[in-house]
Amino acid sequence: MSQIPAEGDSPLSPAAALAVLADQQRIVANRFGSSIRIITAAWGVAWLCGFLSIWLMDAGIRSFTLPTWLGWTIFAVLFAAAIVVSAVLGIRSGRGIRSNSANAFTGTVYGISWVVSILGINAFGAALLTHGMTAQLADLFYPSAYTLVVGIMYLAAAAIWRIGQMVVAGAVLIVLAAGAGFFGHPTNYLVFAIVGGALFFGLAIASALQSRSVRARG
Amino acid sequence: MAELDPVIHAQARLRITASLAALGESESIAFPRLQELLDMTAGNLSTHLRKLEEAGYVVVSKTHEGRVPVTYLELTRTGRRAFEDYTESLRQLLGEGG
């Protein structure tokens, strides 16, 4: 009924064809998906350990108090590492893939929006500091403001590229940004560590499970 | 009874089409990257791509990146629809959600 011999290739039964199809989809998903797992895990480490180290500077836990320079250094190194991991793996994963000019425009505007938004927060924060924002308030303002930008950019990405997980991630980050300040300093940093870390590790695990379910279907 | 599209219903072309369908609608892939995803020889891949191109399922565009010539492949709208119809027919034949 369905075995149509194809020129230059061995005939396939429908079941075999479905298996070939699922197998190839798994291969492609794994090639592109493995970088997403590593990238989100790197951000999980940065959020969890980075914010935890800032929290430990002022949390008053005697044997775990970090000197200020060390706390900020750990934070900066982990976030810089996550950015490098994202850039390197993102470029590697997109190797040999070309978008049309409309897509390229969208990507460029989206990328520039990140830089402009972060610079905007820096300038706004500087203005607030100039007009009397205390160091304690700055500790509430900066992490929430940056996280708000990240959340909004994630929602924008979700809308542009129709990625359901980014809707969840963006919404969680916006709620985190809006709510963390209510805990006061330094507990807000602990909230960022726990919620941000859990979110990104959760995304990494979800990505791993997704590729496993594709494999199981194969 | 669902008919299986003979252009796609061959192991190599099925794998090629599935890989191209995994890309976004306006994305294309360089020949070497596609070859890497499929683990096929360049000659074999070219042969099957030609058949898909003749059927109007794949569009081949040749360009230069610097001085290096690069060939990009993408599914046409017809090709993407044919692939969707093919997978649907396959599931019907196997009694899955027909």
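Here the structure is a predicted model, which means the values were calculated and not measured.

**Q** Sorry, what's going on with helix H4 (residues 135-161) of chain A here?
**A** An α-helical turn contains 3.6 residues, so any two residues separated by three or four positions project in the same direction. Over its 27 residues, H4(A) extends 39 Å from the first C-alpha to the last, a length consistent with the 39 Å expected when each residue adds 1.5 Å. All buried positions along H4(A) are accounted for by Leu140(A), Pro143(A), Ala145(A), Thr147(A), Val149(A), Val150(A), Gly151(A) and Tyr154(A).

**Q** How do you make sense of helix H3 (residues 101-130) of chain A when you look at a structure like this?
**A** Residues and elements named next belong to chain A. If you check H3, its first and last C-alpha atoms are 43 Å apart, about what 30 residues at 1.5 Å a residue would give, namely 44 Å. Burial of H3 is sparse: only 0 of the 30 residues sit out of reach of the surface. Backbone geometry just after H3 places Gly-132 at a positive phi near 100°.

**Q** Any chance you could explain the interface of chain B and chain A here in plain terms?
**A** In many reports, interface size means the accessible area that the parts give up when they come together. With 27 residues of chain B in contact, the opposing surface of chain A contributes 27 residues. Looking at the side of chain B that touches chain A, the elements with two or more residues in it are helix H1 (11-21), strand S1 (27-30), helix H2 (31-38) and helix H4 (77-93) of chain B. Here 3 bridges tie strand S1 (residues 97-99) of chain A to S1(B), and the two strands are oriented antiparallel to one another. Across the sheet, Ser99(A) pairs through a bridge with Glu27(B), a residue of S1(B).

Each value, and the rule that gives it
Residues numbered from 1 in each chain as written. Chains lettered and ligands numbered in written order. Predicted model: local features only at pLDDT ≥ 70, side-chain atom pairs only at ≥ 80, totals over all residues. Helix = DSSP H or I, 4+ residues; strand = E, 2+ residues; numbered from the N terminus. Expected span 1.5 Å × (residues − 1). Buried ≥ 20, exposed ≤ 12 C-beta atoms within 10 Å, placed from the backbone. Contact = placed C-beta atoms within 7 Å. Pairing = 2+ DSSP bridges.

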